[in-house]
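Analysis of the macromolecular model
These are the residues of each chain, in order.
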Amino acid sequence: MKEISCKLLVIGAGPGGYVCAIRAGQLGVDTVIVEAGKPGGTCLNVGCIPSKALIHAAEEFEKVLHMAGGESPLGISVTAPTLDLAKTIAWKDGIVSRLNSGVAGLLKKAGVKTVHGWATFRDGKTVAVETETGSQVIRAEAIAIATGSAPVELPFLPFGGPVISSTEALALSEVPKKLAVVGGGYIGLELGIAFAKMGAKVTVVEALPRVLAQYDSELTRPVVKRLSALGIEVITGVKAKGTKGGALLIETSDGKSVKVAADKILMTVGRKPVTEGWGLEQIDLDLAGKFIRIDDQCRTSMRGIFAIGDVTGEPMLAHRAMAQGEMVAEIVAGHKRSWDKRSIPAVCFTDPELVTAGLSPEEAKALGGELKIGMFPFAANGRAMTKLGEDGFVRVVARADNHLVLGIQAVGQGASELAAAFGLALEMGARLEDIAGTIHAHPTQGEGFQEAALKALGHALHI
Ligand SMILES: Cc1cc2nc3c(=O)[nH]c(=O)nc-3n(C[C@H](O)[C@H](O)[C@H](O)COP(=O)(O)OP(=O)(O)OC[C@H]3O[C@@H](n4cnc5c(N)ncnc54)[C@H](O)[C@@H]3O)c2cc1C
């Protein structure tokens, strides 16, 4: 059995793990990373990147279809567009594979040794990896667990046959005629909307009274409107129960059993941390619910063992994992660091897109104290008009006493690109006057952000 030693061992090369390893390597820390699959983890291989590729292709196809219908106000007409999903998926796979090589190259450039295989803890300092060429034992002074998350499977709707997770949905070679999506959270709606644009008859079933329940209803209203325009049926307050002869069985709130016809049933009822199969029991770490418990330096209950990313809890987002990974690398290298982020912006790539950073109006109200809330509609924004993207708005939530911005939200076509400005404003501790006093280039949707701040101050210019 081969044995190696290092200062830092990272388990899992998703966004959390690979960023941790690259930063550690940059800082001269002798680092090894172990990955059972491909570099980039869920995000790069079966998550963020492939879903956004598919969403983009679906968006383009729907635009052209719209034009073919003779309905385009732009005066463009085309005839009979078609979509070859197998080709779209091959294009998406090409992007993924380029990024796989990119991550592998970055790890190499940073001097990180990559070991391919499944890692299992033997004790708090030692891990065994089953590689293609046999067992490899790695001893490390510090270990970062970045094992990520996996889709939740319901026992009465196990994956297989027509029942698929987001992973299989991103690799279909044909658009299903009828697609039932179980779970109206962001993953279910992003993919459901994409398949509807590609021609599937989509039904979304959700146990809660409304979809995208983590967002306030004012923010999700344009998305709900668009779901209906795309012909997506949304059934709320119901529970998925199983399958029967080409249909999904659901139970309504009054106990009735209803069939939803479906060739494919996409399960998006949540994701669970990967805490099994790698010897958690050998090291007996404390958990917080189903996640690994961490402190503000991502330290676990065992000295020298850190945990980062989805395995440590919500929000399960790639950029949170990356920020944690970078911090842990710097701590291992001897820097004084702790989690000091003011916000973790979140984007939902539905149509239209949603962006949130910091506190929602409800969360801000719960703190007590007076608020100033400014909202600016894209219907009054020139750039949004030129993109046929007038539905939506930017909303800024600030303290009334000192105008400190507490939260920013937007819904609108292309609103995802505003996430950077929102995150920066919160991180820099911006006041309404800082945003209102910054020249925003014209014509851009970003002007909506400036106008929302002006509105909160009581003197918006374009509304
Ligand atoms: C469809 C979909 C769309 C998404 N879209 C977005 C988005 O737009 N924006 C966003 O921020 N987030 C998005 N996410 C979430 C994002 O993918 C995760 O938050 C992110 O990947 C978490 O990174 P991580 O490093 O914690 O874990 P992961 O990316 O899950 O990586 C963990 C890695 O560890 C490896 N591993 C696990 N155990 C072992 C072991 N014992 N030995 C060796 N290797 C091991 C796995 O093979 C995996 O590669 C999406 C997720 C899905 C499913």
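Heads up: the structure comes first, above all this text.
Residues numbered from 1 in each chain as written. Predicted model: local features only at pLDDT ≥ 70, side-chain atom pairs only at ≥ 80, totals over all residues. Heavy atoms only, no water.

As a rule of thumb, soluble globular proteins bury nonpolar side chains together. Membership of the largest hydrophobic core comes to 36 residues, with the highest contact counts inside it found for F195, V202, I232 and L354. Sorting the residues of this core by element identifies α3 (48-68), α4 (85-109), β9 (178-182), α6 (186-197), β10 (201-206), α7 (217-229) and β20 (346-348) as the ones contributing at least two each. Residue-level mapping places this core at the junction of two domains, with at least three residues from each of domain 2 (163-269) and domain 3 (343-457). In this structure, F195 is in contact with L54, L85, A169, L172, V175, P176, L179, A200 and V202, ignoring residues within four places of it in sequence. (Core = buried A, V, L, I, M, F, W, Y, C linked by side-chain atoms within 4.5 Å. Buried < 20%, exposed > 50% of the residue type's maximum accessible area, 1.4 Å probe, protein only. Helix = DSSP H or I, 4+ residues; strand = E, 2+ residues; numbered from the N terminus. Domains from an automatic or database assignment. Contact = heavy atoms within 4.5 Å.)

Attention now goes to the packing of helix α1 (residues 15-26) against helix α9 (residues 318-332). Where α1 contacts α9, the two axes come as close as 7 Å, and the packing angle between them is 30°. In terms of orientation, α1 lies roughly parallel with respect to α9. Crossing handedness for the pair α1 and α9: right-handed. Contacts between α1 and α9 pair P15, G16, Y18, V19, C20, R23 and A24 from the former with A318, A321, M322, G325, E326, V328, A329 and E330 from the latter. Across the contact of α1 with α9, the residue classes break down as 10 nonpolar, 2 polar and 3 charged. (Axes fitted to C-alpha atoms, helices over the stretch in contact; angles between N-to-C directions. Parallel < 35°, antiparallel > 145°, perpendicular 65-115°, else oblique. Left-handed = near helix turned anticlockwise from the far one by under 90°. Nonpolar A, V, L, I, M, F, W, Y, C, P; charged D, E, K, R; others polar.)

Turning our eyes to something else, we now look at the state of the cysteines. Under the criterion given, the structure shown has 1 disulfide. Free of any disulfide, C298 has its nearest neighbouring cysteine sulfur in C20, separated by 9.0 Å. (Disulfide = S-S within 2.5 Å.)

The strand order across the open sheet formed by 5 strands is β20-β21-β24-β23-β22, and the pairing between neighbours is antiparallel. Two strands bound the open sheet, and with one partner strand each, they are β20 and β22 (371-377). Adjacent strand axes in the sheet meet at a mean angle of 10° when their direction is disregarded. (Pairing = 2+ DSSP bridges.)

Here we take up a nonpolar patch on the surface. The grouping of L74, I76 and L388 at the surface amounts to a nonpolar patch, some 270 Å² of accessible area in total. Take L74: it is sitting in the loop between α3 and α4. (Patch = residues over 30% accessible without salt bridge, like charges linked within 9 Å, V, L, I, M, F, W, Y side chains within 5 Å. Areas by Shrake-Rupley, 256 points an atom, 1.4 Å probe, with all protein chains shown as cover. Salt bridge = Lys/Arg side-chain N within 4 Å of Asp/Glu carboxyl O.)

Relative to strand β6 (residues 134-145), strand β1 (residues 2-11) runs parallel, the two being bridged by 9 bridges. Bridge assignment links L9 to a residue of β6, and that residue is I143. Bridge analysis of β1 against strand β2 (residues 31-35) gives 4 bridges, and the strand direction is parallel. Residue V10 lies in a different strand from β2, and its bridge partner there is I33. The parallel pair β1 and β2, bridged by α1, forms a crossover whose chirality is right-handed. (Right-handed = clockwise from strand over helix to strand, strands pointing away.)

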